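Residue-level structure breakdown
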Amino acid sequence: SEFNAMQSAVLTREEQIIHQANHDPLTNLPNRRVLNSTIKLLAKENTAFSIYHLNLCRVKDVNETLGHDVGDWLIKSLSQRLAELNQLRLLCHVGADEFILLAELDDHSTSDNLVKQIHQVLEGNCYYQGISLQLQVRTGIASVPEHCANGHSVLKMADTALNYSRKVNRPMQIYHQELNVNSVERLNLINDLKDAIAKDQLELHYQPKINLKTGIITHV
């Protein structure tokens, strides 16, 4: 009896360790490790799928104003609402205010339907001790094989689309190749600027603004 009890305790502890390694402690959702394993499996099976990279907006403002406990509560509220979606193969919390949805979709109409569902589950406000908090997300979308042939690249593409949606203040952005070009150009510009500052290669030019009525330069 003692031996069986000890063996059961060891198995339970091992299951807890495996669960903790594969799930986020805040939301109890699968983490990036499970996501990568699922993508590898789908790629091996040549299964078409789409990645929806979601970013919950203004969590930083909530943390600074109401505290991190409220921010955590808001993130858990979002995870519970997203779990209601019925077209998902996998829902992951990949850290902080970001989630990744993986769905096996047949065509653009079913993809559009999923996007509508995402917005529907976010429509109602969350109420915390009488304070109304609205869930708003930005979404970057990329698909296999539409945008790439392997699962490793699709995560990067969805992230690129999400970053662009932040840049242009748009709720949703589907990946296209021009977005990646813009990201590379921006990275090159940052690197070149660092070198230019170190080598004193920058010049500052002033453009005069003339008052056409008086002919006098008023600004530069």
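Refer to the structure printed above.
Residues numbered from 1 in each chain as written. Predicted model: local features only at pLDDT ≥ 70, side-chain atom pairs only at ≥ 80, totals over all residues. Heavy atoms only, no water.

**A short note on the overall build of the chain**
Spelled out, the test is: We count a stretch as a helix when DSSP gives it H or I for four or more residues in a row; a strand needs E for two or more, and each element gets its number in order from the N terminus. Based on C-alpha atoms, the radius of gyration is set beside the globule rule, defined as 2.2 Å times the residue count to the power 0.38. Note on classification: 1.4 Å probe, protein chains only; a residue is buried when its accessible area is under 20% of the maximum for its type, exposed when over 50%, partly exposed between these limits. Contacts: residue pairs with any heavy atoms within 4.5 Å of one another. Note on areas: Shrake-Rupley with a 1.4 Å probe; residue coverage comes only from the protein chains shown. Charge assignment in this entry is limited to Lys and Arg as positive and Asp and Glu as negative, and neither His nor the chain termini are counted. A single reference atom marks each charge: NZ on Lys, CZ on Arg, CG on Asp, CD on Glu.
Counting its secondary structure elements, the chain contains seven helices and nine strands. Whereas a compact globule of 220 residues would reach a radius of gyration of roughly 17 Å, the chain reaches 24 Å, over 25% beyond that. C-alpha extents for the chain along the principal axes are approximately 100 × 50 × 45 Å. Buried residues in the chain amount to 36% of all 220 residues. Of the contacts formed within the chain by residues at least 6 apart in sequence, a portion of 60% connects residues at least 24 apart. When the accessible surface of the chain is split by element, carbon and sulfur atoms take 51% of a total near 14,500 Å². Separation between the mean location of the 21 positive side-chain charges and that of the 25 negative ones in the chain comes to 5 Å.

**Some words on the sheet that holds strand E7 (residues 172-174)**
The condition that has to hold: A strand pair is defined by DSSP finding two or more bridges across the two strands. For helices, the fitted axis covers only the stretch in contact; all axes are lines through C-alpha atoms, and the angles between them, taken along N-to-C directions, range from 0 to 180 degrees.
Spatially, the five strands line up as an open sheet ordered E2-E3-E1-E6-E7, and their pairing is mixed. The sheet terminates laterally at strand E2 (90-95) and E7, the two strands that pair on one side only. The mean inter-strand angle of the sheet, taken between neighbouring strand axes irrespective of direction, is 20°. The sheet contact formed by strand E1 (residues 49-56) and strand E6 (residues 137-144) spans eight bridges and is antiparallel. Of the residues in E6, the one forming a bridge with Leu-56 is Val-137. Along the sheet, helix H4 (residues 68-82) contacts E1, E2, strand E3 (98-103) and E6; its crossing angle with E3, the most-contacted strand, is approximately 10°. Its contacts with the sheet place helix H6 (residues 151-167) against E1, E3, E6 and E7, and it is angled at close to 150° to E6.

**Thoughts on the nonpolar core**
In summary, soluble globular proteins display a tendency toward joint burial of nonpolar side chains. Just so we agree on the cut-off: Nonpolar cores were defined as sets of buried Ala, Val, Leu, Ile, Met, Phe, Trp, Tyr and Cys residues, with membership established by side-chain atoms within 4.5 Å.
Counting residues in each nonpolar core, the largest one holds 27 residues, and the members touching the most others are Tyr-52, Leu-82, Phe-99 and Leu-101. When residues of this core are traced back to their parent elements, those giving at least two are E1, helix H3 (59-66), H4, E3, helix H5 (108-121) and E6. For this core, the leading source of residues is H4, giving five residues. Here Leu-82 is in contact with Leu-54, Leu-88, Leu-91, Phe-99, Leu-101 and Val-121, once residues within four sequence places are set aside.

**Topic: unusual backbone geometry**
Cis geometry is adopted by the peptide bond preceding Pro-145, which originates at Val-144 and carries an omega value of 10°. For Pro-145, the position within the fold is in the loop between E6 and H6. Phi is positive for Asn-169, close to 55°, though the residue is something other than glycine. Inspection of the secondary structure puts Asn-169 in the loop between H6 and E7. Using a relative accessible area of 56% as the deciding quantity, one classes Asn-169 as exposed.

**Re the pairing of E1**
Of all eight residues in E1, eight are buried; the element is thus mostly enclosed. The two faces of E1 match: Phe-49, Ile-51, His-53 and Asn-55 on one face and Ser-50, Tyr-52, Leu-54 and Leu-56 on the other face are all buried. Examined bridge by bridge, E1 and E3 share six bridges and lie antiparallel to one another. In the sheet register, His-53 faces E3, and the bridge partner there is Ile-100.

**Focus on the pairing of E2**
Most of E2 sits out of view: five of its six residues are buried. Of the strand pairs in this sheet, E2 and E3 are connected by five bridges, and their pairing is antiparallel. Residue pairing in the sheet places Cys-92 in a bridge with Ile-100 of E3. Joining the antiparallel neighbours E2 and E3 is a turn of two residues, in which Ala-96 adopts a positive phi near 50°.

These values are about where atoms sit, not about what they do.
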